[in-house]
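Observations on the three-dimensional arrangement
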Amino acid sequence: MTATEPGTGVAFTLDGQALEAKPGELLIEAAERHGVHIPRFCYHPRMKPVGMCRMCLVEVDAGRGPALQPSCMLTVTPDMVVNTTSETTTKAQDGVLELFLINHPLDCPVCDKGGECPLQDNAYAFGPGESRFVEEKRHYEKPIPISDLVHLDRERCILCDRCTRFASDVAGDPLIHFIDRGNETQVNTFPDHPFASYFSGNTVQACPVGALTAAPYRFKARPWDLTEVESTSVVDSTGARVALQSSRDELVRILGVDSDAVNWGWLSDKERFAYEATNSEARLTDPQALVGDEVSQVRWDRALGAAAEALSAPADKIGVIGGARLPLEAQFAWSALLTSLGVANVDAQLGDGLPGDVVAGLADATIAEAAAPNGVVVLLSADPKEELPTLYLRLRHAAIEDGASLVELTARPTGLSGQAAASLHPLPGAVAEVAAALADGATGDEVGGVAAADLASAHGLLTSGRPVTIVLGRANLAESPDYAIAAVAALKRLAPEAKVLSALRRGNIHGALEMGLTPELDLGATPAVVTGLDTEGILEAAAAGKLETLVLLGADPIADFPDTELARKALDRVSTVVAIDTLHNESVAAADVVLPASAAGEVDGAFLNLEGRLSPLKAKVTAAGQSRPDWMIAAELASALDRDLGAVTLDELRASLSAAVPAFADVDWTALDVATDGPLIDRTRSWSPSLPENVAVPSADGYGLRLVVDRAMWDGGTMVAQSASLASLPAEPSLGLALADFEALGIAEGAEVLLEVAGTGHRLPAVPMAGLPKGAARIPFNLPGFDATALLSVDRPVTDIRVTAN
Amino acid sequence: MSRLTPQNVALATEIISRYPRPKSALIPLLHLAQEQDGYVADDAMAHLAELVGVTPAEVLGTCSFYEMFKRHPVGTYMLNICTNLSCQLLGGEELLHHAEETLGIKAGGTTPDGLFTIEDVECIAACTEAPCLQVNYRYEYRLTHDDFDALIADLRAGKRDDIPAHGTLGLIRQHITPDRVGGIEPPETAGKPAWFASREPAADEAGN
Amino acid sequence: MAHSNDYVPWAPGYVDNEGPKIVSSRFVHEDSYTLVRSLATGGYDGLKKALDMAPADVAALVKDATLLGRGGAGFPAGIKWGFMPPTWPRYLVVNGDESEPGTYKDRLLMERDPHQLIEGCLIACYALGLNQCFLYVRGEMALAQERIAQALNEAYEAGYCGKNILGTDVSIDVVLHWGAGAYIVGEETALIESLEGNRGMPRLKPPYFPAAKGVYYKPTIVNNVETLANLPWLMVNGPEEYKKYGSEASPGTRLVAVSGHVKRPGVYEMEQGVVSFRTLFYDDNFCQGIRDDNALKAFVPGGGSAPWFFDEQLDLLQEGRAIGAAGSMLGSGALMVMDDTTDAVKAALRLVRFYARESCGKCTPCREGTSWEEKILQRILDGHGRASDIDLLLEVGQNISPGVYPMASFEAEGLEAVPFPPKQTTICPLGPSSVAPITSAIRRFRDEFEAKIPADARALETAGAEGAAS
Ligand SMILES: Cc1cc2nc3c(=O)[nH]c(=O)nc-3n(C[C@H](O)[C@H](O)[C@H](O)COP(=O)(O)O)c2cc1C
Ligand code: SF4
Ligand code: FES
C-alpha cells in the first residue's frame, strides 16, 4: 500500500508511536500499514465492515477516555490514542477468542484449513480457555453440499458473515444467508435452492476457518505441503491475478490475489477450478503425425519435420488460425516465424470476435477507468457476467457503491440489468440504428425494438458530461460484427471523448493483436503491409480447395467458429492440418500433425489483458508428458525451416520483442515476476480504423424471430467439459423468447418447439426470458446437447428462425 | 395450499403499498402467510420472495429470526406460558408443569389431536398479572391450575369463539382509503414536505 | 376527579390511585380506546394546538419540558430530536416492542388509549417536519395491534391523519407495523433493521446513530410509546404545568409496573423522581407491602437488565441519575420484587436464560457467552456444579462486560456502589445485561450458590487438579 501524501495525513498514536493515517482510513488498516496486525475474523478489506466478531477490539481514546472499539469499524480521527497491547485490549481479545473456541470442533488435523487457519493460530497463541468449557458443543450434520462446488460444515462456522456478505453485496447472489437466531444461528441455503453462483469459490477463499470447502480441493493436500507462485489467469482476457498452488508437482488449487487494478482478489469459479482440465484425460502429451495413413504417436523431430514440411507450402496456400492461448513471447515467436515465411493469412480470432484493427485501434480504457466512480458505462458487448466475470464484479461494484451509471446496449438482458440506469435491447441487426438514433438525438420514437423513453434516458446519460466508457465486444454470434462497429462509430460521434474497453474474451487475444496475429495488423499492431485472410476467409478458401496447410494454433474452429459446417468442410479439404494445442478436441481429431504444447502453470511467460496490462505467467509444475512451450515449438520449426528468429531462449525472445516493438521497449521483464500490478503498455496508435456507420439490415424474411446466440460461462467448451467439477454445470439447452411471443406463437412456457433455419429443423424447449425484445429469440452458444453454430452461416448477417409449437 | 391465495395477494399488495420499500412489508406478509396456513410454509416464503423482490433465502433468513413464525404445523391453540421472573416468582413454572402434565406433552410439543401446542415463553408484558399465559396471543391472567383446566375445557368445547385459530393476530386491519393517503414514496425520491418548508423560519434550516 | 385507588377491571393491573394522571387519564373509561371517547375528553386538542404553531416552536416546547425518554435510556426527547441533520426524507419510528422482563405499560397505553398515542405521533412528526411514521407494535400484542388499527382507521376517516390533516396542507401517514417475537428488536437499531424486513440485529453505533442514519440509512427518530403519549397533554397544558410535577431533573409522571412479591402488584402512574422505592412498595396508595409481610430479599428497579437493589437502596428516590450512580438503572419502569422465600440462583438463571434465548447472535461474546452462562447456572441448579463454577460465571461475565460490573452498595461488606452502565465487548447492551443478575446474585447470595454445589464435586475437582498437576 502507498504511503500518505504529506499534509493529508491524520495524526494519531499507536502503541506510543506518533503516526499518520490516511483521511477516512479504518484503524485496522492504518495499523496494518504501520506493521501492527490486529487480529480479526469478520473484517475483509474488499467488503463492507460489520464489526461482528469483536476480535479486533482495541482500547481507543478518541478524546472521551479509553474504551474498547472494533478497529474494523473505526476511522482514525485526529489525535486518537490507540493501545493494541494494553491489558484491557489483550483481555478483551483473549475473551472473544475463548468464546469462539468453546463451540468450535477440535478437528484441525482433518480440516482442510488446518495449518492456514487464523483461528487455529490465535488459539495456539492463547492456550487455556478451552478446558473451562465442559458443556456439550453445538452439533450439526457434518459437511453439507450447498452447491455442486462448495460444502459447508456448520460446526466449524464462526458466523463471521464473510461468505454471506460476499454472496449478497459483491456477487449479487444472496442464496446463502444467516438462518435462525442467537446461539442457533447458522449459515444455510433455502431448501432446494443451492448456492448456484458463478463466484461461489470466493466464499471458500474468504472463509477464515474450514467451514466452507471447495469440492475440487477437499482433502487433496495439506497446507504445509503446498507451494505457490503468483501468476495470471488465462481463462479469459481480464487476466485476473492468481496464486497457483501445487502439491507433489500437481496443480491442486488456485486462489485469487488482490490486484487493485484488476480482480480485487475475486475469481469466477471458471478461473478458479478450470485448471482441472490440464490434468485430464484429454490432455495432449505426445507428438503425433501420419504414419502410413494413421495419425499416431511419433518422436518430436519427426512431428516437427512433418509440420515444417506443411509450412514450406507456398505462403498464400497456408492459413493460421488461433494464437490467443499463447503467452506473449510465443505469440511474438510465431509472428516472427510467419512473417519470415511471408504468411499473411493469420487470425487469432475465430470469427466470434471483432476485427482486430477495430479493437486495437479503439481500445484505450483501463478497468479502473471503466469502473470509475460516477462514470457512465455503455455495454456494447455480450453479458460480462458470462464472458468476463471478474470485470463484471468491478462494474457491479462501480454501479452499486460508486455511483456509476450503466447503459445496456445489448442483445438481451445481462447480469447487470438490475444495476443498469438504462436498458436498451435492440433486435438483432438494429443496434447500429439505435446507436445512430442516440447520436442524432432522435429519441422521439421507438427504434429497433427500443422504446423512446429508454433512448431518451440513455441519451441523457451519454450527454451528461460525465466520463463515458464503452465496453466493446461481440454481443451476438448470430449477427455480423459490422453492426457493432457501426454502433461504436455512432456512439463515438455522440461522445467523442468516450473511452473504449475491449471485451474480446479469449485468453491472451490482446497480446495476439499487438503481435500482429490478425490479418489487418502486423507486429506491433501496425497496419498490415499485406492484408491476409481472416478466419472466415481462411476457412472458405480451405473449403474451396485453395489452401494446402491449415495451422491450428490452439484453436478449435469446429466448436468455436460460428459456422460449423464451413469449419468441417475446411478441415476435411486441406491436405495438412497441423494442430498445436494442450487439449484434445474435435478439430485436433481432424489434424494430421499434432504438437503438444505446455499449458498454463507449466511455462513462464507474459500475458496482456484487455486493458493492455502486462502480467506474468509462471510455471509451477513440470510440463505434462513430452509437451513443450509454444515459443520453443515456434523456434524449433524456425530452425527446421532455416529461419532465424534471433533467439533461442525465453529471455532472448523478450529482448528481441522489446527491440522490435516500441510499446514494449522499456518493459522490465524481470520486474514482471514480483507481485505488483504489471505495467500498462502504450496503446496510442498512429492510425485509426475505418468504422463504416451505415450497414444494411436485411428485412425480416417472414420467418418471424431474429436469433441471439451468445455464450454462457458453463458451456460445452473443452475447458469446462474436461474439468471434472465443472462438467455437470452447463444448463440444458433452451430457446429463450420474450414473454409476449409465447402468446403470439401460441406456445406454452417450457414446451418443446420446432425451430427452423434455412430449411433445417431443430427441437428445443422454449423458456421465457424477461426483457428480451419481442421478435428476438436467444439460444446459448455451444451447450452440450445442442450445437447452436449449426444454425449459423457466414452468409447471413442476421439469422432469422421460424418457431412453431410441437 | 401455501402460496398466497388471490385474496391474500391483494391484501399483500395493499400492505406493501404502505411502505417506502417493499421488503419492509416482509414481517406483516409472513404473518399473512401464517394466518392463511397456520404456519409459514416453504412455498409461501418463495411466493413472498417474488412479491417483495428478494431471494427465498433472504425471506427464510428473516422468517427464522422471529419465534412467532412456525415453519411446521402447530396446534390450533398455541398456549404461551410465561415463566420469566415476574411469573416465576408467582408460580409460572408450576403452571407450565401443570399444563405439561394435563396435556401430556412437553413445552414445544403438540397434542396428538393437533389441538394444543405448549410453549415456555419469555415475558409477555403482563407481569403484574402473573402467572399468565396467552392462547393464540390472547391473554389469560392470574391463573390458578383450576383456571387452566377450565380454560382447556372451554377451548375443547369450542366455547371460546373470541379466540381465532393460530396465525390470526388483530381481527381489525389498518386500511387507508386511497383518497386519504398522505403520500408514501421510496426514500430515493421522497424529499422535504412542502408544508414543512413553508413553515420553516428562514434562519433555521434544520427545522428544530 | 376522585380516584378509586383500586384496580380498573378493563385495564388489567392498572390501579387508579391518587396522583396526577397525564398519560393514563382515560383508562377509567371502559370505551377509552374509541375516537368518540377520546374526542369527548379533549382528544386531538394537542394536535390542533400544534398545527397553529410553527413546527420549530413545537419542538422547542418539548425541549423546554425536558421530556425524558421512557424506553430505558431516559434521554430527553427534545435534545434527541435536535440531532437530526437537515436532510430528507426522515422518519419517526414508535417503539412499541415492550419486552424487557417486568415491563408492562406501553401495552396498556396502546390497548386503552391508542388515539392519545397517534396524536402524540402526529405532533412529533409535525415538529420534526416529516410525513411518515411507523408504529412498531410487539408481535405478540394482538389486541394492541387491533386497537391501533381501529383507531388509525377512525383517525384517517375523520381527517386527523393522512392527507390534509384537519383541512390544513399538512399530510402525515402513520403506518401500523408489527413484529414477530424477538426481544432484541426493542433496541432501536435492531428495530430499524426489522422495519426494513431484515433479521433484527443491531447496527453499530457509531456510525449508525438513528438520528443521522436510521431507516434506509436516513435520519430517523425512535421514541418509546409512553414518551410520545405525553405529547398531547404537554401541548395543551404547556411545559410550565408539566414541570410542576416530578423533580427538576425528571419532570412529569411515568408509568411503573410493580410485579412479584408485593401485596398489590400493578401499574401505577406516579410523579418522577420524588417517590422512593420504600413508598412504592409499602404505601397504601401503591403496593401496600410485601406479600405475607415477608422480608424483602432483593428487587430489580428497572427491568431484567438492571442490577439488583436491596434493603440498602429502599429509600432512594426513583430518579434516573441517582439510581445510575447507585449502581443500577430506572430503565423501563419495571420493578420486580423478591421476598425472602426466593431462590436467588433460580431467579438469576431465569433472567440469564432470557438473554441467552434472546441474543440475536450477531456478536460473538453475547452469542456464545450468554448461553455458556446459562449452561453453567443450569448445571449448578441441577446439582452438577463444580466449586470453580461460581468464579467461572464471573469470568465469563468478564468476557462480555470487562472491568468491575455496576453494583449497588453493600453495607454489610462495606462495598461501594459502582455506577451504571457496564463496559461491553459486545455490539449492544443485551449481552452485558445477562451479567447483571449473575453479579448481583453471586455478590449478595454466594452462599446459596455454594450450597447447591455437591460436597463431593469439590473433592473430585481438587483431586482432578492434582492429577493434572502431576
Ligand atoms: C436490548 C434492548 C432492548 C430494548 N427494548 C426496548 C423496548 O422494548 N421498548 C422501548 O421503547 N425501548 C427499548 N430499548 C431502548 C431503545 O433502544 C431506545 O432507546 C428507545 O426506544 C428510545 O425511545 P425513548 O428515547 O423515547 O426512550 C431497548 C434497548 C436495548 C439495548
Ligand atoms: S450483544 Fe447480543 S443482542 Fe446485542 S448485537 Fe451482540 S449478539 Fe446481538
Ligand atoms: S474484525 Fe472487527 S469485529 Fe470482526
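For the structure, check the block above.
Quick look at the structure, then. (Residues numbered from 1 in each chain as written. Chains lettered and ligands numbered in written order. Predicted model: local features only at pLDDT ≥ 70, side-chain atom pairs only at ≥ 80, totals over all residues. Heavy atoms only, no water.)

1. Re the overall build of chain B
Along chain B, the regular secondary structure elements total 8 helices and 4 strands. Going from N to C terminus, chain B has its helices and strands arranged as α-α-α-α-β-α-α-β-β-β-α-α. For 208 residues, the compact-globule estimate of 2.2 N^0.38 gives 17 Å, and the C-alpha radius of gyration of chain B, at 22 Å, exceeds that figure by more than 25%. Over its C-alpha atoms, taken along the principal directions, chain B stretches across nearly 65 × 45 × 30 Å. (Helix = DSSP H or I, 4+ residues; strand = E, 2+ residues; numbered from the N terminus. Rg over C-alpha atoms; globule rule 2.2 N^0.38 Å.)

2. Structural notes on the interface of chain B and chain C
Taken residue by residue, the interface counts 71 residues in chain B and 99 residues in chain C. Carbon and sulfur atoms make up 56% of the surface buried where chain B meets chain C, a total of about 6,800 Å² over both sides. Where chain B packs against chain C, one counts 6 salt bridges. Note that C:Asp169 and B:Arg199 form a salt bridge whose closest N and O atoms lie 2.9 Å from each other. If you look at where chain B meets chain C, you find 42 residue pairs in polar contact (both at pLDDT 80 or more). For the side of chain B that touches chain C, the secondary-structure elements that each account for two or more residues are α2 (26-37), α4 (56-63), α5 (85-89), β2 (116-121), β4 (138-140) and α8 (194-199) of chain B. Residue composition of the side of chain B that touches chain C, by class: 34 nonpolar, 20 polar and 17 charged. (Contact = heavy atoms within 4.5 Å. Buried area = accessible area lost by both parts, 1.4 Å probe. Salt bridge = Lys/Arg side-chain N within 4 Å of Asp/Glu carboxyl O. Polar contact = N/O pair within 3.5 Å; in protein donor to acceptor, adjacent residues only side chain to side chain. Nonpolar A, V, L, I, M, F, W, Y, C, P; charged D, E, K, R; others polar.)

3. Some points on the site of ligand 1
Residue and element names in this part refer to chain C. Near ligand 1 you find 17 residues, and of these Gly71, Lys80, Asn223, Asn224 and Thr227 are the closest. Within the contact set of ligand 1, an oxygen atom lies 2.9 Å away from a side-chain nitrogen or oxygen of Lys80. Between Thr227 and ligand 1, the recorded distance is 2.7 Å, taken from a side-chain N or O atom to an oxygen atom. Considering ligand 1 on its own, with 610 Å² of exposed area, one finds that the protein chains cover 89% of that surface. The dominant element in the shell around ligand 1, judged by the number of residues it contributes, is strand β4 (residues 220-224), at 3 residues. Looking at the shell around ligand 1, its residues break down into 3 nonpolar, 8 polar and 6 charged. (Near = heavy atom within 4 Å. Areas by Shrake-Rupley, 256 points an atom, 1.4 Å probe, with all protein chains shown as cover.)

4. Concerning the environment of A:Lys317
All names here are of chain A. Residue position: Lys317 is located in the loop between α7 (300-311) and β16 (318-322). A residue is classified by how much of its surface remains accessible, and Lys317, at 29% relative accessible area, is partly exposed. When residues no more than four places from it in sequence are discounted, the contact partners of Lys317 are Lys546, Leu547, Glu548 and Thr549. (Buried < 20%, exposed > 50% of the residue type's maximum accessible area, 1.4 Å probe, protein only.)

5. A short note on the layout of surface pockets
Think of a ball as big as a water molecule: rolled over the atoms, this probe shows where empty space is left. Space inside the second largest pocket adds up to approximately 1,700 Å³. Considering the residues around the second largest pocket, the lining is formed by 40 residues, among which A:Ser168, A:Asp169, C:Glu196, C:Asn198 and C:Tyr217 are closest to the centre. Among the secondary structure elements, those contributing two or more residues to the lining of the second largest pocket are α4 (162-170), β8 (176-179) and α12 (389-401) of chain A together with α4 of chain B. The element that contributes the greatest number of residues to the lining of the second largest pocket is α4(A), accounting for 4 residues. A per-class count over the lining of the second largest pocket returns 16 nonpolar, 9 polar and 15 charged. (1 Å grid on protein atoms, 1.4 Å probe; cavity = no way out; pocket = protein on both sides within 12 Å on 5 of 7 lines; lining within 4 Å. Points joined across faces, edges and corners; volume = space filled by probe spheres on them.)

6. Examining the site of ligand 2
Close to ligand 2 lie 13 residues; C:Cys360, C:Lys362, C:Cys363, C:Cys366 and C:Cys428 are nearest. For the shell around ligand 2, a count of residues per class yields 8 nonpolar, 4 polar and 1 charged.

7. What about the interface of chain B and chain A?
Interface extent is often summarised as the accessible area lost during association of the parts. Each side of the interface is counted separately: chain B has 14 residues, and chain A has 11 residues. Contact between chain B and chain A buries roughly 1,100 Å² in total, counting both sides, with carbon and sulfur atoms accounting for 66%. Area buried by chain B at its contact with chain A is led by B:Ala57, B:Leu60 and B:Phe65, which between them contribute 35% of it. Taken together, chain B and chain A are joined by 2 salt bridges. The partner of A:Arg181 in a salt bridge is B:Glu67, and the shortest N-O contact between them spans 2.4 Å. Across the contact surface, chain B and chain A share 5 residue pairs in polar contact (both at pLDDT 80 or more).

8. Observations regarding helix α7 (residues 142-158) of chain C
Here α7(C) contains 17 residues, and its C-alpha end-to-end distance of 24 Å stays within 8% of the 24 Å for a straight helix at 1.5 Å per residue. Most of α7(C) is tucked away: 12 of the 17 residues are buried. Contacts made by the buried residues of α7(C) are with β4 of chain B together with α5 (106-112), α6 (114-128), β2 (132-137) and β3 (173-178) of chain C. C:Gly159 sits one or two positions beyond α7(C) and adopts a positive phi of about 85°. (Expected span 1.5 Å × (residues − 1).)

9. Quick look at the sheet that holds strand β2 (residues 17-21) of chain A
Residue and element names in this part refer to chain A. Across the sheet, 5 strands lie side by side as β2-β1-β5-β3-β4; this open sheet has mixed pairing. Either end of the sheet is taken by a strand with one partner, and the two such strands are β2 and β4 (66-70). The sheet shows a mean angle of 35° between the axes of neighbouring strands, direction not considered. Judged from the 2 bridges that link them, strand β1 (residues 10-14) and strand β5 (residues 81-83) form a sheet pairing that is parallel. Paired with Leu14 across the bridge in β5 is Val82. Docked against the sheet, helix α2 (residues 87-102) engages β3 (57-61), β4 and β5, running at close to 155° with respect to β3. (Pairing = 2+ DSSP bridges. Axes fitted to C-alpha atoms, helices over the stretch in contact; angles between N-to-C directions.)

10. Let's talk about helix α17 (residues 535-543) of chain A
Residues and elements named next belong to chain A. Along α17, 7 of the 9 residues are buried, which leaves the element largely enclosed by surrounding structure. Turning to α17, its buried residues number three or more, namely Thr535, Gly537, Ile538, Leu539, Ala541, Ala542 and Ala543. With its phi angle positive at about 75°, Gly545 sits one or two positions after the end of α17.

11. Quick notes on the sheet that holds β2(B)
Residue and element names in this part refer to chain B. Pairing within the open sheet is mixed, and its 4 strands lie in the order β2-β1-β3-β4. A single partner strand is all that each edge strand has here, and the edge strands are β2 and β4. Neighbour to neighbour, the strand axes of the sheet diverge by 25° on average, direction disregarded. As defined by bridge partners, strand β1 (residues 77-82) adjoins β2 across 6 bridges and the pair is classed as parallel. Along β2, the bridge assignment pairs Ile81 with Asp120. In the packing of helix α7 (residues 145-156) onto the sheet, contacts are made with β1, β2, β3 (133-135) and β4, and the angle to β1 comes to roughly 165°.

12. Observations concerning the pattern of salt bridges
All names here are of chain A. Tallied over the full model, the rule gives 87 salt bridges over all chains. Two residues, Asp710 and Arg412, come together in a salt bridge whose shortest N-O distance is 2.5 Å. Of this pair, Asp710 sits in strand β30 (residues 705-710) while Arg412 sits in the loop between β19 (405-409) and β20 (420-424), and the two are 298 residues apart along the sequence. When the shortest N-O distance is used, the salt bridge between Asp800 and Arg706 registers 2.6 Å. Remark: Arg706 occurs in strand β30 and Asp800 occurs in strand β35 (residues 800-805); sequence separation between them is 94 residues. Here the two residues Asp800 and Arg706 agree in accessibility, since each one is buried. Salt bridges linked by common partners bring Asp107, Lys142, Asp153, Glu155 and Arg156 together as one network.

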